[in-house]
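Results of the structural survey
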Amino acid sequence: MASLNPALSTLPLAAPRRRAWRRRIFDACGWGLCGLAFLCLGAATVWILATVVLHGLGALNWKMITQGTVGTGGGLMNAIEGTLILALGGIALALPPGLAAGIYLAEFDTGWLAPVIRFFSDVLVGVPSIVIGYFGYVTLVEDLGWGFSAAAGGIALAIIALPYITRGSEMAIRQVPREMRDAAYALGASDSRVVMSITVPLALPGVLTGVLLALAIAVGETAPLLYTAGWSNFLWNGHLIQEPVGYLTYAIWAFITEPFASAHALAYAAALLVTGFVLVISIFARLALDENTGWRRRMRG
Amino acid sequence: MNPTSLPPALHFTPPAAANRVEPGRPVIGVRGLDFFYGPAQVLFGIELQVREREILALIGPSGCGKSTFLRCLNRMNDTIPGAHARGLVEIDGHNIYAPHTNVIGLRRKVGMIFQRSNPFPFSIAENVAYGLKINGLAKNRSERMARIESSLRAAGLWDEVKDRLNKPALSLSGGQQQRLCIARALAIEPEILLMDEPASALDPITTTRIEELALELKTRYTIVIVTHNLQQAARISDRTSFFLMGRVVETDSTQRMFTNPSRKETEDYITGRFG
Ligand SMILES: Nc1ncnc2c1ncn2[C@@H]1O[C@H](COP(=O)(O)OP(=O)(O)OP(=O)(O)O)[C@@H](O)[C@H]1O
Ligand SMILES: [Mg+2]
């Protein structure tokens with residue numbers, strides 16, 4: 001159904017005249033479907049954002065971000081802090097192995113290990129996040145006896161983030177032009193030198209995009225944290241284990257179904273904050289990858 | 001690194017310390033070189049010598065193996081999976097395909113300029129300094145700056161860029177970028193320069209500039225240059241080698257090659273009857 005594609009139908013192909021009316025109908029259908037798709041997508045997005053923003057703005061105030069939770073009221077400072085700690089900690093844990101795996105996949109594709117890593121990475125993306133939460137609960141919280149804790153939550157998020165960072169790094173490294181590596185090899189650079197001084201630095205904007213995507217996902221996760229980080233009304237005391245941590249998605253999950261206005265306010269504000277974080281992260285990801293801003297432009301002059 | 005503990009093939013003397021003998025001494029000797037991309041053989045029994053401080057031009061129709069041959073001389077083909085060479089390539093008397101050859105040392109000694117200029121997206125100075133850095137060739141900042149300057153001067157680029165060494169290399173024009181790549185190659189003081197159609201992507205005036213540069217560099221370096229431009233080969237090279245379908249048809253002084261070739265195929269090619 002090539003003619004459903006509006007771009008194709010504008011090609012100046014010399015079609016027989018009596019086919020022209022058919023093509024016009026297909027054209028109209030094509031545009032109609034596109035329009036419908038756009039409407040659905042646009043309406044859903046606007047509706048979601050409007051709900052989150054309208055409720056959220058009503059609930060968000062200074063007290064909300066400067067106080068901890070008290071019962072089903074108070075503020076979300078504990079949850080904001082916890083979300084940042086868990087997400088950033090998880091990313092920090094996932095970055096070294098993820099980047100290393102990405103380098104390996106992109107640069108040393110010939111061995112038997114590469115398809116194996118790629119397979120595990122794909123499987124990991126497909127594992128439901130609640131299963132990762134359950135895994136974290138059984139192994140870290142229970143067997144290792146860490147209890148609900150920042151360490152258990154961070155590791156759960158790191159497992160979620162790992163395949164995104166791996167694949168993002170691999171893609172970014174593959175996009176570094178061959179000419180750049182050739183130039184370095186021709187100057188007497190060893191394999192590892194080429195990787196460290198040319199490939200990875202040139203791939204950094206792309207790697208960063210993968211990292212930011214993973215960060216956005218980590219910020220928005222709920223299920224893996226319910227079983228690993230627990231919940232706390234208080235600011236984190238710095239203990240990695242035996243100390244539960246609060247986070248924003250928990251506030252949405254737990255407080256929206258409570259029958260109190262103060263609890264609803266917590267959920268609304270948390271939803272707005274989580275969405276806001278994710279949007280800001282996405283915008284940064286765009287900027288990092290954009291040809292006309294950020295690092296690429298600095299390098300191009 | 002203690003040179004005496006290394007096999008002979010590893011034993012590259014730095015150019016400054018090398019005994020410069022009279023021009024004309026063969027520095028590259030190729031005997032019976034076959035080359036394969038996986039199962040496909042693309043070079044057949046190449047026999048060729050390159051003499052010190054000459055410009056040898058490689059000409060021949062597209063796909064005949066000129067680039068492949070050039071890349072055999074600094075083992076850049078090693079980076080292509082499945083590629084392998086058979087035969088003898090001697091540089092300064094050492095077989096560079098012998099086991100345990102120091103490929104990094106080889107590439108330091110045999111620099112390469114690519115068809116499409118490929119400066120790193122770093123600053124101009126960082127580009128020239130790259131080879132110095134990875135090979136540990138400059139002890140301190142002033143030494144590094146001195147070598148950056150002398151390389152840029154040798155590439156005829158210094159006056160154009162001396163006030164903007166920290167600007168991105170990619171802000172230079174195409175011809176300047178190619179000369180920057182030449183400066184980058186010169187910075188590590190190679191003995192031999194391999195150039196694969198270094199001017200084919202450039203306009204005529206810039207091309208002339210690169211040709212003049214090649215002639216200047218000849219006083220210090222041995223140059224092997226691939227070109228599709230027969231006038232270019234005639235203008236700058238001392239000797240020319242004609243490649244056809246993975247074989248060397250003949251190698252002769254450029255003058256004789258273009259006025260009185262000894263083989264029919266060569267004559268057909270340079271008179272434009274094919275290729
Ligand atoms: N990486 C590669 N893998 C497989 N085959 C290759 C590869 N590079 C080149 N070839 C093949 O080897 C042969 C010689 O190619 P080469 O690039 O050396 O020719 P050339 O003389 O430099 O041509 P041109 O004048 O077009 O640059 C060609 O048939 C080409 O298709
Ligand atoms: Mg070529």
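For the structure given in this document, a descriptive report is provided here. Just so it is clear, the model here is predicted, and its values are computed rather than measured.

1. Some thoughts on the sheet that holds strand β1 (residues 26–37) of chain B
Across a sheet, paired strands are connected by hydrogen bonds in the backbone, their directions being either parallel or antiparallel. Residues and elements named next belong to chain B. In space, the 4 strands of this open sheet follow the order β2-β1-β4-β5, with antiparallel pairing throughout. One side of each edge strand has no neighbouring strand; the edge strands of this open sheet are β2 (40–51) and β5 (94–95). The sheet contact formed by β1 and strand β4 (residues 83–91) spans 8 bridges and is antiparallel. From the neighbouring strand, D34 faces β4, where its bridge partner is R86.

2. Focus: the site of ligand 1
All names here are of chain B. Lining the immediate environment of ligand 1, one finds Y37, V42, G60, S62, G63, C64, G65, K66, S67, T68, I80 and H228. Here the element with the most residues in the shell around ligand 1 is helix α1 (residues 66–73); it accounts for 3 residues. Across the shell around ligand 1, the residue classes tally to 4 nonpolar, 7 polar and 1 charged.

3. Looking at the sheet that holds strand β6 (residues 110–113) of chain B
Residues and elements named next belong to chain B. Ordered in space as β6-β7-β8-β3-β9-β10, the 6 strands form an open sheet in which the pairing is mixed. Two strands in the sheet have a free side with no partner beyond their single neighbour: β6 and β10 (247–253). Averaged over all pairs of adjacent strands, the angle between strand axes in this sheet comes to 15°, irrespective of strand direction. Note that strand β9 (residues 239–244) and β10 share 6 bridges and pair antiparallel. Paired with R239 across the bridge in β10 is S253. Seen against the sheet, α1 touches β3 (55–59), β6, β7 (192–196), β8 (222–226) and β9 and runs at an angle of roughly 155° to β8.

4. Focus: the interface of chain A and chain B
Taken together, the 18 residues of chain A in the interface contact 24 residues of chain B. Elements with a minimum of two residues in the side of chain A that touches chain B: α8 (178–186), α9 (191–220) and α13 (294–300) of chain A. The greatest single-element share of the side of chain A that touches chain B, amounting to 6 residues, is contributed by α8 of chain A. In terms of residue class, the side of chain A that touches chain B is made up of 9 nonpolar, 5 polar and 4 charged.

Conventions we followed
- Residue indices begin from 1 for each chain and proceed along its sequence in written order.
- A letter from A marks each chain and a number from 1 marks each ligand, given out in the order of writing.
- Residues qualify for local features only when their pLDDT is at least 70, as the model is predicted, and side-chain atom pairs are given and counted only at 80 or more; totals for whole chains, interfaces and linings, by contrast, use all residues.
- Whether two strands pair comes down to DSSP finding at least two bridges between them.
- Segments assigned H or I by DSSP are reported as helices when at least four residues long, segments assigned E as strands when at least two residues long, and all are numbered from the N terminus.
- Residues are counted as near a molecule or strand when the C-beta atom, derived from backbone positions, lies within 6 Å of that molecule or strand.
- In this classification, the charged set is Asp, Glu, Lys and Arg, the nonpolar set is Ala, Val, Leu, Ile, Met, Phe, Trp, Tyr, Cys and Pro, and all remaining amino acids, among them Gly, are polar.
- Note on definitions: angles span 0 to 180 degrees between N-to-C directions of axes, and those axes are lines fitted to C-alpha atoms, for helices only across the stretch in contact.
- Here, residue contact means that the backbone-derived C-beta atoms of the two residues sit within 7 Å.

These figures come from the coordinates and say nothing about function on their own.
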